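Listed here are the chains, written in short residue letters.
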Amino acid sequence: MRATVWTAANQLGVAAGTPAELLTAVLSSPRRAARVVLPGDDPATAALARDLRELGRLDVTLHPAAPPGTTPDPDLSDPEAVCAADPLGVTRAYEASPGHHGGLRTAWLRSGQALVRPGQTAGGRALVLLAALPEDADPRLEPVLGGLSAGTPWEVVRTRRARVGALATRYGRPAVSEDPRTKALAYLPDGTELRLDERGRLLHTAYGPVSRLVPAVTATLATHPASALAATADDTSGPTIVTGDRTGSVHAFSLGGVHQSAPHSGRVTALAAWGSRVYSGGADGTVRLRGASAPVARRPHPVVALHAAPGGFAVAWADGLVELHGADGGIRPFRPGPPVRAVAVHGRRGHRGSGGGSERARGAHGDAVLTVATPDTLVTLHTR
């Protein structure tokens, strides 16, 4: 059933792993007509097709799967073979297999939506599998998958299991909130931690005297909840707390006053800031830079996360795509498979394992490091 759900999710521009997650994601995404072809004609697939049709505006048809045995299954313990084989067939074979296959089965079923996506290459599948390997995987898999993924824009630094509510950077290093009630995390230059809770209220933890800006913004959000949060500082405005709301407005609070704009049609879903640059992402599928007339990124999917750094910004979209936009205009994409919860860009660090996670360092090929949070995994990559 996973192959069918992942195929439908890719066609509908959402990220989902089960029929229930698929229906929920489609209901919460922008409404638009679409044609969906589901691989299979079994009762479970027919039931999913019926449920999707009942949502309205979806033309759903079934395409019978090839009979079992038509194409021989690859060796499910051979990473090169599974990366090169038909991904839908590999998915069904792993679902039917009780074996561990060195950890390949776990990695494939964890990240499969990115693996079955049309246009995915064998090298791209190897990168995704490398990022999804469990901690007890056969150590011989890493160098093989690393070699197969050598032509991709990324190298996996480390992967660890974690349930992340929000990501930020503090003093140039990733900071994680594992509290599911925290929807956004930011830091002022004095180290004050700012958290946006599930009700849109501002909470903080201070490690010294608190700027009077913090209680002022806290009081504002108590009556006008925010949907997104960021913090920054520059030589002109000093410390600044940036919030977004469900009407598409962005508010930048500093000790000198409030700068307001309305860059989005619909909810502001993410904010990021670095120095005087403030980026906002919205349910309208755009990323906007404050002061710029045109979007700096646009896709037909809502933005779910943003993070800014000196060299550019990272954005995650509702269909599971993560992009690193460099100062030179280059874009490096990555799809982990599951939905993305948060992203963070930071400078190159030493390759040290943490939290019991597995370490996969193969040398330094770039100075941009990207951390991606999915519902249960933190993946750190750096550019080649």
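Here is a short report on the structure shown in this document. (Residues numbered from 1 in each chain as written. Predicted model: local features only at pLDDT ≥ 70, side-chain atom pairs only at ≥ 80, totals over all residues. Heavy atoms only, no water.)

**Looking at the overall build of the protein chain**
(1) Moving on: If you tally the helices and strands in the protein chain, you get nine helices and 24 strands.
(2) Moving on: Taken against the 2.2 N^0.38 rule, which gives 21 Å for 384 residues, the C-alpha radius of gyration of the protein chain at 22 Å falls within 12% of a compact globule.
(3) Moving on: In terms of its C-alpha atoms, the protein chain occupies a principal-axis envelope of roughly 70 × 50 × 35 Å.
(4) Moving on: Within the span of the protein chain, comprising 384 residues, buried residues form 51% of the whole. (Helix = DSSP H or I, 4+ residues; strand = E, 2+ residues; numbered from the N terminus. Rg over C-alpha atoms; globule rule 2.2 N^0.38 Å. Buried < 20%, exposed > 50% of the residue type's maximum accessible area, 1.4 Å probe, protein only.)

**Quick notes on the nonpolar core**
(1) Moving on: Within the largest apolar cluster, 43 residues are counted, with the highest numbers of intra-cluster contacts made by W108, L129 and V343.
(2) Moving on: Looking at which element gives the most residues to this core, the answer is helix α7 (residues 122-132), with seven residues.
(3) Moving on: When near neighbours in sequence (up to four residues on either side) are disregarded, W108 contacts W6, V82, P87, V90, T91, Y94, L115, R125 and L129. (Core = buried A, V, L, I, M, F, W, Y, C linked by side-chain atoms within 4.5 Å. Contact = heavy atoms within 4.5 Å.)

**A closer look at the sheet that holds strand β17 (residues 303-309)**
(1) Moving on: Reading across the sheet, the four strands line up as β17-β18-β19-β20 and stay open at both edges, with antiparallel pairing between neighbours. Two strands bound the open sheet, and with one partner strand each, they are β17 and β20 (331-334). Ignoring which end each strand starts from, the neighbouring axes of this sheet average 15° apart. (Pairing = 2+ DSSP bridges. Axes fitted to C-alpha atoms, helices over the stretch in contact; angles between N-to-C directions.)

**Overview of helix α3 (residues 43-54)**
(1) Moving on: The end-to-end C-alpha distance of α3, which contains twelve residues, comes to 17 Å, matching closely the 16 Å that a straight helix rising 1.5 Å per residue would cover.
(2) Moving on: Burial in α3 covers these residues: T45, L48, A49 and L52. For α3, the buried positions fall inside an angular range of 100° around the axis, keeping them on one side. Turned more than 90 degrees away from the buried face of α3, the exposed residues are P43 and E54.
(3) Moving on: The secondary structure elements touched by the buried residues of α3 are α1 (2-12), α2 (19-28), β1 (34-39) and β2 (58-63).
(4) Moving on: Looking at where α3 begins, the residue whose side-chain oxygen comes 3.2 Å from the main-chain nitrogen of A44 is D42. (Expected span 1.5 Å × (residues − 1). Arc of directions from axis to C-beta. Polar contact = N/O pair within 3.5 Å; in protein donor to acceptor, adjacent residues only side chain to side chain.)

**Things to note about the packing of α1 against helix α5 (residues 87-96)**
Two quantities define a packed helix pair, namely the angle between the helix axes and the distance between the axes.
(1) Moving on: Put simply, α1 and α5 touch, their axes get as near as 9 Å, and they point 145° apart. Across from R2, A3, W6 and T7 in α1, the residues of α5 making contact are L88, T91, R92 and E95.
(2) Moving on: For the contact of α1 with α5, the residue count by class is three nonpolar, two polar and three charged. (Nonpolar A, V, L, I, M, F, W, Y, C, P; charged D, E, K, R; others polar.)

**Regarding the side chain of T7**
(1) Moving on: Structurally, T7 is set in helix α1.
(2) Moving on: Polar side-chain contacts of T7 include one of 2.7 Å to the backbone oxygen of A3.

**Quick look at unusual backbone geometry**
(1) Moving on: The phi torsion at R57 lies on the positive side, around 65°, for a residue other than glycine.
(2) Moving on: In this structure, R57 sits in the loop between α3 and β2.
(3) Moving on: Although it is not a glycine, Y171 sits at a positive phi angle of roughly 55°.
(4) Moving on: Topologically, Y171 is positioned in the loop between β4 (166-170) and β5 (173-177).

**So, the packing of aromatic side chains**
(1) Moving on: Tallying each qualifying case throughout the model produces two aromatic pairs.
(2) Moving on: Considering the side-chain rings of Y94 and W108, the 5.9 Å spacing of their centres and the 45° angle between planes classify their relative orientation as tilted. Here Y94 is found in helix α5, whereas its partner W108 is found in helix α6 (residues 104-115), with 14 residues between them in sequence. We note that Y94, like W108, is buried.
(3) Moving on: Centre to centre, the rings of Y279 and F313 are 4.7 Å apart; their planes meet at 35°, and the pair counts as tilted. (Phe/Tyr/Trp six-rings, centres within 6.5 Å; stacked < 30°, edge-to-face > 60°.)

**Digging into the pattern of salt bridges**
(1) Moving on: The full count for this structure, using the stated rule, is nine salt bridges.
(2) Moving on: Ionic pairing is found between E95 and R2, a salt bridge with its closest N-O pair at 3.4 Å. Of the two residues, E95 sits in helix α5 while R2 sits in helix α1, which places them 93 residues apart along the sequence.
(3) Moving on: E95 gets classed as partly exposed once you look at its relative accessible area, which sits at 26%.
(4) Moving on: Several salt bridges share partner residues, and in doing so they unite R299, D319 and R335 into one network. (Salt bridge = Lys/Arg side-chain N within 4 Å of Asp/Glu carboxyl O.)

**Observations concerning the side chain of T45**
(1) Moving on: Its place among the elements puts T45 in helix α3.
(2) Moving on: Taking the relative accessible area as the measure of exposure, T45 reaches 0% and is therefore buried.
(3) Moving on: Leaving out residues up to four positions away in the same chain, T45 has contacts with M1, T4, L38, P39, G40 and L62.

**Concerning α7**
(1) Moving on: Among the eleven residues of α7, ten are classified as buried, and the element is accordingly described as predominantly covered.
(2) Moving on: When α7 is considered as a whole, its buried residues turn out to be G123, G124, R125, A126, L127, V128, L129, L130, A131 and A132.

**Comments concerning the environment of G312**
(1) Moving on: Counting through the fold element by element, G312 comes out in strand β18 (residues 312-317).
(2) Moving on: Here G312 is in contact with R277 and H325, once residues within four sequence places are set aside.

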